[in-house]
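Here are the chains, one letter per residue:
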Amino acid sequence: MANRLEAVRAAAGIKTLKAFREALIEAVGEDDPRVPSYQAIQNYHAHRESPVTYLDLVSEVFAQLPEADFTYLATNRRPMLDFLTMLDELALEGFLESEEQRLEAERRYDWSQQR
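Brief notes about the environment of phenylalanine 20
Tracing the sequence through the fold places phenylalanine 20 in helix 2 (residues 17–28). The exposure class assigned to phenylalanine 20 is buried, which follows from its relative accessible area of 0%. Residues in contact with phenylalanine 20, not counting those within four places in the same chain, are Val8, Arg9, Ile14, His45, Tyr54, Val58 and Phe62.

See the structure below:
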């Protein structure tokens, strides 16, 4: 988990853990109970398991970064691509034989969402 938290810090372009904590405080305020002490943040980013509340905070503050997805931080599993994005990627990689095949898959997806 520590390496995933460090990936968020790196993706955000924040050089130090002190600056990372300051970014959290700036976003939610110093009184937010989810903001841990500097020492706790050092531990979470080095070797200790982080509490869910800290992962929630990091995910909220850095929501624009894919590295800050809560599911990824907590489980090391990337969230599934939405279906239409997956279709686009399959088409680009040559797995769909034609645009008609893609449109048919999209039509079936739209139909299934209306149930």
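Thoughts on the environment of arginine 77
Tracing the chain through its elements places arginine 77 in the loop between helix 5 (70–75) and helix 6 (83–92). Those residues in contact with arginine 77, other than ones at most four positions away along the chain, are Thr71 and Tyr72.

Observations regarding the pattern of salt bridges
Counted by the stated rule, this structure contains 4 salt bridges. Among the ionic pairs, glutamate 60 bridges to arginine 34, the shortest N-O distance being 2.8 Å. Note that glutamate 60 is positioned in helix 4 (residues 52–61) and arginine 34 in the loop between helix 2 and helix 3 (38–44), a separation of 26 residues in sequence. Residue classification places glutamate 60 among the partly exposed residues on the basis of a relative accessible area of 43%. Put simply, Asp32, Arg34, Asp56 and Glu60 are held in one network by salt bridges that share partners.

A closer look at helix 1 (residues 2–11)
It helps to recall that an α-helix has 3.6 residues per turn; residues three or four apart then point in one direction. When we look at burial in helix 1, the residues that qualify are Ala2, Arg4, Leu5, Val8 and Arg9. Residues of helix 1 that are buried in the fold lie against helix 2, helix 3, helix 4 and helix 5. Glycine 13 occupies a position one or two residues after helix 1 and carries a positive phi of about 75 degrees.

As for the packing of aromatic side chains
In the structure shown here, the tally under the stated rule is 2 aromatic pairs. With 5.1 Å between their ring centres and 15 degrees between their planes, phenylalanine 20 and phenylalanine 62 make a pair best called stacked. On the criterion of sequence distance, the pair formed by phenylalanine 20 in helix 2 and phenylalanine 62 in the loop between helix 4 and helix 5 is long-range, its members being 42 residues apart. Like phenylalanine 20, the residue phenylalanine 62 is buried in the burial classification. For the ring pair tyrosine 44 and tyrosine 54, a centre distance of 5.1 Å and an interplane angle of 45 degrees mean the geometry is tilted. Pair noted here: tyrosine 44 is in helix 3 and tyrosine 54 is in helix 4, with a separation of 10 residues, a long-range link.

Cut-offs applied
- Residues numbered from 1 in each chain as written.
- Predicted model: local features only at pLDDT ≥ 70, side-chain atom pairs only at ≥ 80, totals over all residues.
- Heavy atoms only, no water.
- Helix = DSSP H or I, 4+ residues; strand = E, 2+ residues; numbered from the N terminus.
- Buried < 20%, exposed > 50% of the residue type's maximum accessible area, 1.4 Å probe, protein only.
- Contact = heavy atoms within 4.5 Å.
- Salt bridge = Lys/Arg side-chain N within 4 Å of Asp/Glu carboxyl O.
- Phe/Tyr/Trp six-rings, centres within 6.5 Å; stacked < 30°, edge-to-face > 60°.

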